[in-house]
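# A closer look at the structure
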Amino acid sequence: MPFVFRLPGLVLCLFFLFSGSLLPAQEVKHRILVSTDVGGTDPDDFQSLIHLFMYADQVAIEGLVSSPFGAGRKSAILDMIDLYERDFPRLAARAKGFPSPDYLREVSKQGALESAPYAGYAQLTEGSDWIIRCARKQTEQPLWVLVWGGLEDLAQALHDAPDIADKIRVYWIGGPNKKWSVNSYAYIAQNHPDLWMIEANATYRGWFMDPEAPAHLKGDAYYARYIQGKGAMGEAFKNYYGGRIKMGDTPSLAYLLHGSPAEPEGESWGGSFVRIDRSSRQVFAGASSAADTVAAYATLEWRFEGPELAIPADSTCFRMEILGQVWPGYYLGQGVYGIRYSPKRAETASYKTESGFPQLNGLQGGYTSTNPWPGEASATDMALGEHWYSDRPNPALFIEDQQGAQTIAKFREEFLLDWANRWDWLSE
């Protein structure tokens, strides 16, 4: 009889040894690509990039795409990498796996410079092409696309290479970003409803809304206690919101750092979500009024009749002012004009149009949006597949009017103290 059969204990040990059960599991880093509007409408992305670089040993960064609405450009990403470069020796001395600054520069790409037209996509960009290239890599691991701003480059990539849809997982910080890229959002929801997507419209706010936080973890106290005097990135941190913690995009990364990312309905530093099978959408044939109730974060579409023109569809022909901001309206063809908008909170608002065409000039109306999202079902809702998740509607999980925010806030002490430990790595 062979030796191994006469020593069953050894056989058992050998079995577990070669099966890996008694060995530490090989750490597999999540592949990530970040699409950021850093330098654009909100300076919180600068804070989030600093946080990302301080945890860059925990993930495999494959791309940093500048997807701005407004002034943001790739140069803003490169400026932050310069700060990281100054702190890199200290970080690398404390943990293996931090990417070199030159590598991060190499994978930084410029994305779309303008918001998408009504179609939801426009032209290939360096950023959208990089999303495609990364998604198509020969690996069984999905590419996590963390979207910190508009969806333009993601929508463009999905339009140009629909085969990547089953190779990526998306965590999108929506809410205000949804109104900036509502056309790209509508394109994705209508044409790629089976995309694996976390649509965080309000949950992310639990990262910085801190009414119940201990005094030393308050957003305006954390900097002085844990960040001040800690490296180049710590010195720069005070340039954004005076050092007050916001970092509304960071939950997308935190979701991968602590929790079970394949289970959005579980708990994580980046929140807990519920599957939704529809995206709220309301189509108005003509004007609407404050008596028309819609869900917060819904896609609102107005269709107006006007002159039939021999011009390309998606031509901008009128404007609509809502809450002091002006949005473009488009020619849809056959004398029909359209515009989309998404309210970022529960509110009552009015609008007024402006156009050189009398039929489209001076139109007035409004809407009332209410919590929770996605609200009551409508015949015009956009149907979604089995892997689209969003904010939990349970009122007990709200912070003020922010749906699902408690699912992140409950971990505030845990994730902020973990980050504080890393700031100590940069101490003189």
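Everything below is about the structure shown above.
Note that the coordinates shown come from a computational prediction; the quantities given were computed from them, not determined experimentally.

A count of helical and extended segments in the chain gives 13 helices and 18 strands. A compact globule built from 428 residues would reach a C-alpha radius of gyration of about 22 Å, and the chain, at 24 Å, matches this within 12%. Projected onto its principal axes, the C-alpha positions of the chain cover 90 × 60 × 45 Å. A total of 428 residues make up the chain; the buried ones form 55% of that total. Considering only residue pairs separated by 6 or more positions, the chain has 74% of its internal contacts joining residues 24 or more positions apart. Carbon and sulfur atoms make up 51% of the accessible area of the chain, which totals about 18100 Å². Charged side chains of the chain number 38 positive and 52 negative; the gap between the two group centres comes to 4 Å.

What follows is about the sheet that holds strand β6 (residues 196-200). Strands sit in the order β3-β2-β1-β4-β5-β6-β18-β7 across an open sheet of eight strands; the sheet is mixed. Each of the sheet's edge strands pairs with one partner strand only, and the pair in question is β3 (108-110) and β7 (273-275). Strand-to-strand twist across the sheet, computed as the mean angle between neighbouring axes with direction ignored, equals 20°. Direction of pairing for strand β1 (residues 30-36) relative to strand β4 (residues 143-147): parallel, over a ladder of five bridges.

Now for the nonpolar core. Within the largest apolar cluster, 67 residues are counted, with the highest numbers of intra-cluster contacts made by Ile32, Leu52, Phe53, Tyr222, Met233, Trp419 and Trp423. Looking at this core, the element that brings in the most residues is helix α3 (residues 74-94), giving seven residues. When neighbours within four sequence positions are excluded, phenylalanine 53 is seen to be in contact with Leu64, Met80, Ile81, Tyr84, Leu91, Phe98, Leu104 and Met233. Ile132, Val147, Ile164 and Val170 belong to the second largest nonpolar core, which has 35 residues in total.

We now examine helix α2 (residues 44-54). For α2, the buried fraction is high: 11 of the 11 residues fall into the buried class. The complete set of buried residues in α2 reads Asp44, Asp45, Phe46, Gln47, Ser48, Leu49, Ile50, His51, Leu52, Phe53 and Met54.

Looking now at the pattern of salt bridges. Applying the stated criterion to the full structure yields 18 salt bridges. Taken together, the shared-partner salt bridges in this structure form one network comprising Asp82, Glu85, Asp102 and Arg105.

Further remarks concern the packing of aromatic side chains. Where two aromatic rings form a pair, the distance of their centres and the angle of their planes describe that pair. Taken as a whole and judged by the stated rule, the model has 32 aromatic pairs. Judged by centre distance (5.9 Å) and plane angle (65°), the rings of phenylalanine 237 and tryptophan 419 are edge-to-face. Placement of phenylalanine 237 in helix α10 (residues 231-237) and of tryptophan 419 in helix α13 (residues 412-424) is noted, with a sequence separation of 182 residues between them. The burial state of phenylalanine 237 is the same as that of tryptophan 419; both residues are buried. Here the aromatic rings of tryptophan 269 and phenylalanine 415 are separated by 6.3 Å at their centres, their planes lie at 70°, and the arrangement is edge-to-face. With a gap of 146 residues between them, tryptophan 269 in the loop between α11 (251-257) and β7 and phenylalanine 415 in helix α13 connect regions that are remote in the sequence. Neither tryptophan 269 nor phenylalanine 415 differs from the other in exposure class; each is buried. The rings of Trp144, Tyr171, Trp196, Tyr255, Phe273 and Tyr389 are connected pair by pair, giving a single aromatic cluster. A cation sits over an aromatic face here: lysine 109 above tryptophan 130, 4.3 Å from the ring centre.

About the thresholds
Residues numbered from 1 in each chain as written. Predicted model: local features only at pLDDT ≥ 70, side-chain atom pairs only at ≥ 80, totals over all residues. Heavy atoms only, no water. Helix = DSSP H or I, 4+ residues; strand = E, 2+ residues; numbered from the N terminus. Rg over C-alpha atoms; globule rule 2.2 N^0.38 Å. Buried < 20%, exposed > 50% of the residue type's maximum accessible area, 1.4 Å probe, protein only. Contact = heavy atoms within 4.5 Å. Areas by Shrake-Rupley, 256 points an atom, 1.4 Å probe, with all protein chains shown as cover. Lys, Arg positive; Asp, Glu negative; His and termini not counted. Charge placed at Lys NZ, Arg CZ, Asp CG, Glu CD. Pairing = 2+ DSSP bridges. Axes fitted to C-alpha atoms, helices over the stretch in contact; angles between N-to-C directions. Core = buried A, V, L, I, M, F, W, Y, C linked by side-chain atoms within 4.5 Å. Salt bridge = Lys/Arg side-chain N within 4 Å of Asp/Glu carboxyl O. Phe/Tyr/Trp six-rings, centres within 6.5 Å; stacked < 30°, edge-to-face > 60°. Lys NZ or Arg CZ within 6 Å of the ring centre and 35° of its normal.

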